[in-house]
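# Structural features, examined
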Protein chains: 4
Amino acid sequence: MSQVADSKGSRARTATAKRQRLTAAAARVVHQQGVERTTIADIARAADVPVGNVYYYFKTKDDLVAAALSEHAHGLQTLTTRLDRLPDPRQRLKGLVAAWVGERELAARYGCPTGTLASELGKRDEGGLAEEAGKVIRLLLDWAGHQFRQLGLPDPDGLALTLVSAYQGMSLLANALREPGVMTREGRRLTDWLDSLPDPRD
Amino acid sequence: MSQVADSKGSRARTATAKRQRLTAAAARVVHQQGVERTTIADIARAADVPVGNVYYYFKTKDDLVAAALSEHAHGLQTLTTRLDRLPDPRQRLKGLVAAWVGERELAARYGCPTGTLASELGKRDEGGLAEEAGKVIRLLLDWAGHQFRQLGLPDPDGLALTLVSAYQGMSLLANALREPGVMTREGRRLTDWLDSLPDPRD
Amino acid sequence: MSQVADSKGSRARTATAKRQRLTAAAARVVHQQGVERTTIADIARAADVPVGNVYYYFKTKDDLVAAALSEHAHGLQTLTTRLDRLPDPRQRLKGLVAAWVGERELAARYGCPTGTLASELGKRDEGGLAEEAGKVIRLLLDWAGHQFRQLGLPDPDGLALTLVSAYQGMSLLANALREPGVMTREGRRLTDWLDSLPDPRD
Amino acid sequence: MSQVADSKGSRARTATAKRQRLTAAAARVVHQQGVERTTIADIARAADVPVGNVYYYFKTKDDLVAAALSEHAHGLQTLTTRLDRLPDPRQRLKGLVAAWVGERELAARYGCPTGTLASELGKRDEGGLAEEAGKVIRLLLDWAGHQFRQLGLPDPDGLALTLVSAYQGMSLLANALREPGVMTREGRRLTDWLDSLPDPRD
DNA sequence: CATGAATGAGCCTTCATTCAT
DNA sequence: TATGAATGAAGGCTCATTCAT
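Criteria and cut-off values
Residues numbered from 1 in each chain as written. Chains lettered and ligands numbered in written order. Predicted model: local features only at pLDDT ≥ 70, side-chain atom pairs only at ≥ 80, totals over all residues. Heavy atoms only, no water. Contact = heavy atoms within 4.5 Å. 1 Å grid on protein atoms, 1.4 Å probe; cavity = no way out; pocket = protein on both sides within 12 Å on 5 of 7 lines; lining within 4 Å. Points joined across faces, edges and corners; volume = space filled by probe spheres on them. Helix = DSSP H or I, 4+ residues; strand = E, 2+ residues; numbered from the N terminus. Nonpolar A, V, L, I, M, F, W, Y, C, P; charged D, E, K, R; others polar. Salt bridge = Lys/Arg side-chain N within 4 Å of Asp/Glu carboxyl O. Polar contact = N/O pair within 3.5 Å; in protein donor to acceptor, adjacent residues only side chain to side chain. Least-squares fit on C-alpha atoms with pLDDT ≥ 70 in both.

- Looking at an unreviewed UniProt entry, one finds chain A named TetR/AcrR family transcriptional regulator and attributed to Nonomuraea deserti.

Put into structure tokens, the structure is as follows:
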């Protein structure tokens, strides 16, 4: 009994693992090369999966891109979940900024994964992937808005917009100029800004 | 003789006009569709030039992209030149922000022409087009830095970075969320910020 | 012990049932979609059998097509066996025509199962399936020839050919024109023709 | 002037010739192999055109099939136009039958070009090619109906249906049985039938 | 210089068939 | 026997680029 279960479980586990490998590879390669320049073969190679087999897990290339997107969303949620353990909303926001700065090398090389993806997908008409990318960014906006709200600040959503917008801007510039230092500098500015905000709860 | 001259002149003029039409078309279409999704045929059609003829003016597709890039650089210079007529650096910077907000519909649909281009080109290794895109953004940074410097503010280049970064961020978010309102809101914030900066020259 | 026996028996019965389900599904789906447009997966789905399992019962796709063919042959024999119960050969032939007309909706949508299959398989070189299809049609020719012979008519095989040919023609036209009425009209004509034939036995 | 005209003409002629070659090759190869088993490469090879170039003339494979269909329609009209020169409608109809019988070898090998095409296309849902095939067959029905009408016979369209139906049936059987003799025998029967019809105009 | 046509490499996707358990 | 997964060979189609005139 347990053998059968194990057997099935192992197969399922393998299948899931492969799917996961493909998703992760898609997220990584698409971040690095962009959607259009990324080949199914590229992703298959990165995931060490035969090309033809990719289609067993993802019906189309767009499905893979969607998976990459949700992988980024997942990474985002992992981060915010971790930050949520911090007691103070302001600390959480500063932790977010710190995380961004921590990724400065990647950002300087390839930009923000979600932002560049949204940018590229935004130039499409069909598929609905652009909307999907927008949703991932909204996750971040919502979380940040929640923190600002907890701080009791007026217009928390506006503040979130400013924060996330600053992140996207600094990522894009760091990337365009190939200068991780942009992340450091603007990150510090954001941290200072967060510190400067009053805490009406006092 | 004069006929021949006229003919040549007219041809030359025509030729120049064609080149210009192609450049403008490339800038427009690439902004809308992105580099990879844009076909030489797309640009040729938009410029009303036969496909085969494009290659007389541009040796490769990358040359056309470079032309699109310089077209954006040119547009940028036209704008800053106009703003330079304003007497006050602060007014010039606010004029820049106003210009950005004025393009909010386009930004919400396709993002910042230069920013999205830089983002897409940044995912390439070869060609040097990424560097080219960086240069165009630097033009903007330099101009803004110049204004902040004229205002006598400390760290003018840092302020320029913050300003341009904010622009790229708000364009990307407006685009990702398909909300021109982001441009309006963040534009107002930038204007307020510019107004809030001291003028050490006083 | 009896459990094991039952189990085996049930399995065997199940296995046979599965084979039968696959055969029936193949006949149906191939009739509807044609050989080339039909996927093993299509048939497996229609038979509610896992794809991988199909190959336990049929070594190749062609084997499945052959099974579909013999399924049609079987259906044909079921029909002629039923008609054979009628006392008069002329009644039997008219019964055949009536059966054809009874299938007019299916014929108008997908043509004669055997005829369209023969037509498609006829465009192959290898495999011998074309011959197989020819044999099924010959079954019909033989049966009809037998009836005409019993009627004592001269050239009974020629009459059979004319009859079956008319059936194939009207099926094809009904299908091409998507008009079941063709079956009705030509069926009536065939019935009248059968009635008009003399009965030399009188 | 004439040089330019010639030059353009020659190019146009070449292009047209190539298109024509592709159309003819498509008609031929599709007749022999069927739609699904025919690859673009097959047609390209038969027309001696590089594969990639095919798409300059035909946007999709279906376009090529449509071209093959209209090629058959064209052949049909060439035939009927020739027959129209005969003074008597009955002679024209008998001429049609004779033409069919003349093609018996091809019919025995590959069936009626239009009929088998209609049969294969009829198993599709999309594309509208099935309808197109139906139209080609209607051309034949209409012409035949016109002849019967000129003969002053009652129900001329019904007679046309019977005639064309007989043709499709005998082609299919000749093909399925691989016996050109079927065409001869049934052709003779049709000729006799046409002769047996009264001429109400007498 | 202009232009329709040509070329070929490459990409996404499908599918019959096989494998591992 | 059963079954999800794996594999690899095509096939349709696109497109940057080149050619011939």
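What follows picks up the thread again.
### Section: the arrangement of the chains
- Across all C-alpha pairs, the smallest distance from chain B to chain C is 32 Å, and the two are not in contact.
- Spatially, chain B and chain D are disjoint, and the shortest separation between their C-alpha atoms is 13 Å.

### Quick notes on empty space enclosed by the protein
- Scanning the model with the defined rule gives eleven cavities of 30 Å³ or more in all.
- Of the volumes computed, that of the largest cavity is approximately 110 Å³.
- Elements represented by at least two residues in the lining of the largest cavity include exactly α7 (113-121) of chain A together with α7 (113-121) of chain B.
- A per-class count over the lining of the largest cavity returns one nonpolar, six polar and eight charged.
- What the second largest cavity holds in volume is close to 90 Å³.

### So, the interface of chain B and chain A
- Across the boundary between the two partners, chain B contributes 45 residues, which contact 45 residues of chain A.
- Viewed at the interface, chain A and chain B are joined by nine salt bridges.
- Across the salt bridge formed by aspartate 155 of chain A and arginine 185 of chain B, the nearest N and O atoms sit 2.7 Å from each other.
- Here chain B and chain A share 28 residue pairs in polar contact (both at pLDDT 80 or more) between them.
- Of all the secondary-structure elements, those providing two or more residues to the side of chain B that touches chain A are α1 (2-33), α6 (104-110), α7, α8 (129-150), α9 (156-177) and α10 (181-196) of chain B.
- In terms of residues, the side of chain B that touches chain A owes the most to one element, α9 of chain B, which gives 15 residues.
- When its residues are assigned to classes, the side of chain B that touches chain A shows 16 nonpolar, 15 polar and 14 charged.

### Some remarks on the relation of the copies chain C and chain D
- Overlaying chain C on chain D yields an RMSD of 0.1 Å, the required transformation being a rotation through 180 degrees with an accompanying axial translation of 0.0 Å. Between the two chains, the operation in question is that of a two-fold axis. Closest to the rotation axis within chain C is the C-alpha of glycine 169 of chain C, separated from it by 1.8 Å.

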